[in-house]
Amino acid sequence: MHDKPDETVGALIEEFLTARATRKPSPHTLAAYRRDLTAVAELIAADGDATPLPLDRVAVSSLSPRVMRAAFARFAAPRAAASVHRAWSTWNSFFTFLVAEGVVPGNPMPAVGRPRTPLPRPKPLRGEDTPEELLAAVARAEGRQRDPWPERDLAVLALALCAGLRLSELLALRVSSVAGRDGERRVDVAGKGGRPRTVPIEDAVDRVLAGYLDSRRLRFGARNVRPDSPFLVDRHGEALRRGGLQYLVESCYRRAGIGDRVPRGARLHALRHTFATRLAEDGASAAEIMRLLGHASLASSQTYIEVTAGQQRAAVAANRTNRALSGLAPRR
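Let me begin by describing the structure that accompanies this report. This is a predicted model, so every value here is computed, not measured.

### Side note on the overall build of the chain
Item 1. The helix and strand inventory of the chain stands at 13 helices and 3 strands.
Item 2. By the burial criterion, 39% of the 332 residues in the chain qualify as buried.
Item 3. Across the chain, contacts joining residues at least 24 apart in sequence account for 61% of those joining residues at least 6 apart.
Item 4. For the chain, the computed accessible surface area is about 18,800 Å², with 53% contributed by carbon and sulfur atoms.

Set out below in structure tokens:
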């Protein structure tokens, strides 16, 4: 319990970020928290003055609903709705933390308006057979590669396309994360926001993953494949990092010649979206998709159902018989 009623915003932002770090968010997430908190706090510190106060001189007790509304109005003016919505959520989490710590008596953010942002639309790979073409191309070792490792590359694609894992979830996997008896194999995933989930995998995926681990033993020895070892490693046997994984997926697209079928801004995520879209096409419910993808809300999963329905309607509309009927049927 804090006993200083006028602790400064700058110090409390650092305390909040330290508390958040224990949840093991990605460095990008922590950096986004810091940017959102600092940007709005600097507007509060300036309050129209040319020389704003340093954040370590702004008392948290000054952050009233009126002050926060004015700051967010200035913050929102040059920014997109999604950026404002994200900053609002960050400040709401910040004040929730302060209330729990006994620093402030209440959270002013419910009194601060925020824009409604539509849920992002799924961005799966384009083309009916694109996933199959990608897998087939990557399974072949090419002479142009300096050190081909098709078993590892195929394992990455299989986990994203057939289990729907996010980039951060792939990097967090351990060798022991793939578990279960024959016929009941699964991947234990450390999901977003600390929410664990289990994704069942079929025999074909299990064989791909086992083949990758066998190839890894041949390259680096059995000690490199201990249960607590990272599941994905680079060509030196070290844990694969974010940039390395992104580059790996990009190179798979290039080798398969499908770069033009990958939606912009959804490189690795396009594989996860393809997994979810195909689930919806094959009749999975929004609740099932929610559980498999680790969504926090049903609304996120529902978008895949809606996109599938839209695609079905577009396919019906493209039927040439409909066009022929349009000239025969009386208009209403």
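### Let's talk about the environment of Pro 230
Item 1. Turning to its location among the elements, Pro 230 is positioned in the loop between helix H8 (203–220) and helix H9 (242–256).
Item 2. Given the relative accessible area of 22%, Pro 230 is considered partly exposed.
Item 3. When the C-alpha positions of Pro 230 and Leu 170 are compared, they lie 9.6 Å apart, and in sequence the two are 60 residues distant.
Item 4. The residues contacting Pro 230, other than those within four sequence positions of it, are Leu 173, Arg 174, Val 175, Arg 216 and Ala 239.

### Structural notes on the pattern of salt bridges
Item 1. In this structure the tally under the stated criterion is 16 salt bridges.
Item 2. One salt bridge connects Glu 184 with Arg 181, and the closest N-O pair in it is separated by 2.9 Å.
Item 3. A relative accessible area of 59% places Arg 181 in the exposed class.
Item 4. With a shortest N-O distance of 3.0 Å, Asp 188 and Arg 186 are connected by a salt bridge.
Item 5. Judged by relative accessible area, Arg 186 falls into the partly exposed class, the value being 30%.
Item 6. In this structure, a network of salt bridges that share partners links the residues Asp 147, Arg 219 and Arg 235.

### Overview of a negative patch on the surface
Item 1. A surface patch of negative charge is lined by Glu 128, Asp 129, Glu 281 and Asp 282.
Item 2. Inspection of the secondary structure assignment puts Asp 129 in the loop between helix H4 (81–100) and helix H5 (130–139).

### With respect to the sheet that holds strand S1 (residues 178–179)
Item 1. Taken in spatial order, the 3 strands of this open sheet run S1-S2-S3, and their pairing is antiparallel. Whereas interior strands pair on both sides, the edge strands pair on one side only; in this sheet they are S1 and strand S3 (196–200).

### Comments concerning the pairing of strand S2 (residues 186–190)
Item 1. Burial along S2 is one-sided: Val 187 and Val 189 are buried, and none of Arg 186, Asp 188 and Ala 190, which face the opposite way, are.
Item 2. Alignment of S1 against S2, held across 2 bridges, turns out to be antiparallel. In the sheet register, Ala 179 faces S2, and the bridge partner there is Arg 186.
Item 3. The loop that links S1 with its antiparallel partner S2 comprises 6 residues; one of these, Gly 180, has a positive phi angle of about 105°.
Item 4. When S2 meets S3, the two strands line up antiparallel, connected through 5 bridges. The residue of S3 that forms the bridge with Arg 186 is Pro 200.
Item 5. Count of turn residues in the S2/S3 antiparallel hairpin: 5 residues, of which Gly 193 carries a positive phi of about 70°.

### A word on the packing of aromatic side chains
Item 1. Summed over all chains, the structure comprises 10 aromatic pairs.
Item 2. Arranged with centres 5.6 Å apart and planes meeting at 75°, the rings of Phe 16 and Phe 94 form a pair that is edge-to-face. A residue pair is termed long-range when its members are at least 10 positions apart, and Phe 16 in helix H1 (residues 9–21) and Phe 94 in helix H4 qualify at 78 residues.
Item 3. Take Phe 94: its relative accessible area is 0%, and that puts it in the buried class.
Item 4. Taking 5.8 Å as the distance between ring centres and 55° as the angle between the ring planes, the aromatic pair formed by Phe 94 and Phe 95 counts as tilted.
Item 5. In this structure Phe 95 comes out as buried when scored by relative accessible area, which is 1%.
Item 6. Chaining the aromatic ring pairs together yields one cluster made of Phe 16, Tyr 33, Trp 91, Phe 94, Phe 95 and Phe 97.
Item 7. One cation-aromatic arrangement involves Arg 114 over Trp 88; the distance from NZ or CZ to the ring centre is 4.0 Å.

### Some thoughts on the packing of helix H3 (residues 65–76) against H4
The axes of two packed helices give the description: the angle between them and the distance between them.
Item 1. Across the interface, H3 lies against H4 with an axial gap of 10 Å and an inter-helix angle of 150°. Taken together, the axes of H3 and H4 lie roughly antiparallel to each other. Where H3 crosses over H4, the handedness of that crossing is right-handed. Contacts from Met 68, Phe 72, Phe 75 and Ala 76 of H3 reach H4 at Ser 83, Val 84, Ala 87, Trp 88, Trp 91 and Phe 95.
Item 2. Broken down by class, the residue content of the contact of H3 with H4 amounts to 9 nonpolar, 1 polar and no charged.

Parameters and conventions
- Residues numbered from 1 in each chain as written.
- Predicted model: local features only at pLDDT ≥ 70, side-chain atom pairs only at ≥ 80, totals over all residues.
- Heavy atoms only, no water.
- Helix = DSSP H or I, 4+ residues; strand = E, 2+ residues; numbered from the N terminus.
- Buried < 20%, exposed > 50% of the residue type's maximum accessible area, 1.4 Å probe, protein only.
- Contact = heavy atoms within 4.5 Å.
- Areas by Shrake-Rupley, 256 points an atom, 1.4 Å probe, with all protein chains shown as cover.
- Salt bridge = Lys/Arg side-chain N within 4 Å of Asp/Glu carboxyl O.
- Patch = residues over 30% accessible without salt bridge, like charges linked within 9 Å, V, L, I, M, F, W, Y side chains within 5 Å.
- Lys, Arg positive; Asp, Glu negative; His and termini not counted.
- Charge placed at Lys NZ, Arg CZ, Asp CG, Glu CD.
- Pairing = 2+ DSSP bridges.
- Phe/Tyr/Trp six-rings, centres within 6.5 Å; stacked < 30°, edge-to-face > 60°.
- Lys NZ or Arg CZ within 6 Å of the ring centre and 35° of its normal.
- Axes fitted to C-alpha atoms, helices over the stretch in contact; angles between N-to-C directions.
- Parallel < 35°, antiparallel > 145°, perpendicular 65-115°, else oblique.
- Left-handed = near helix turned anticlockwise from the far one by under 90°.
- Nonpolar A, V, L, I, M, F, W, Y, C, P; charged D, E, K, R; others polar.

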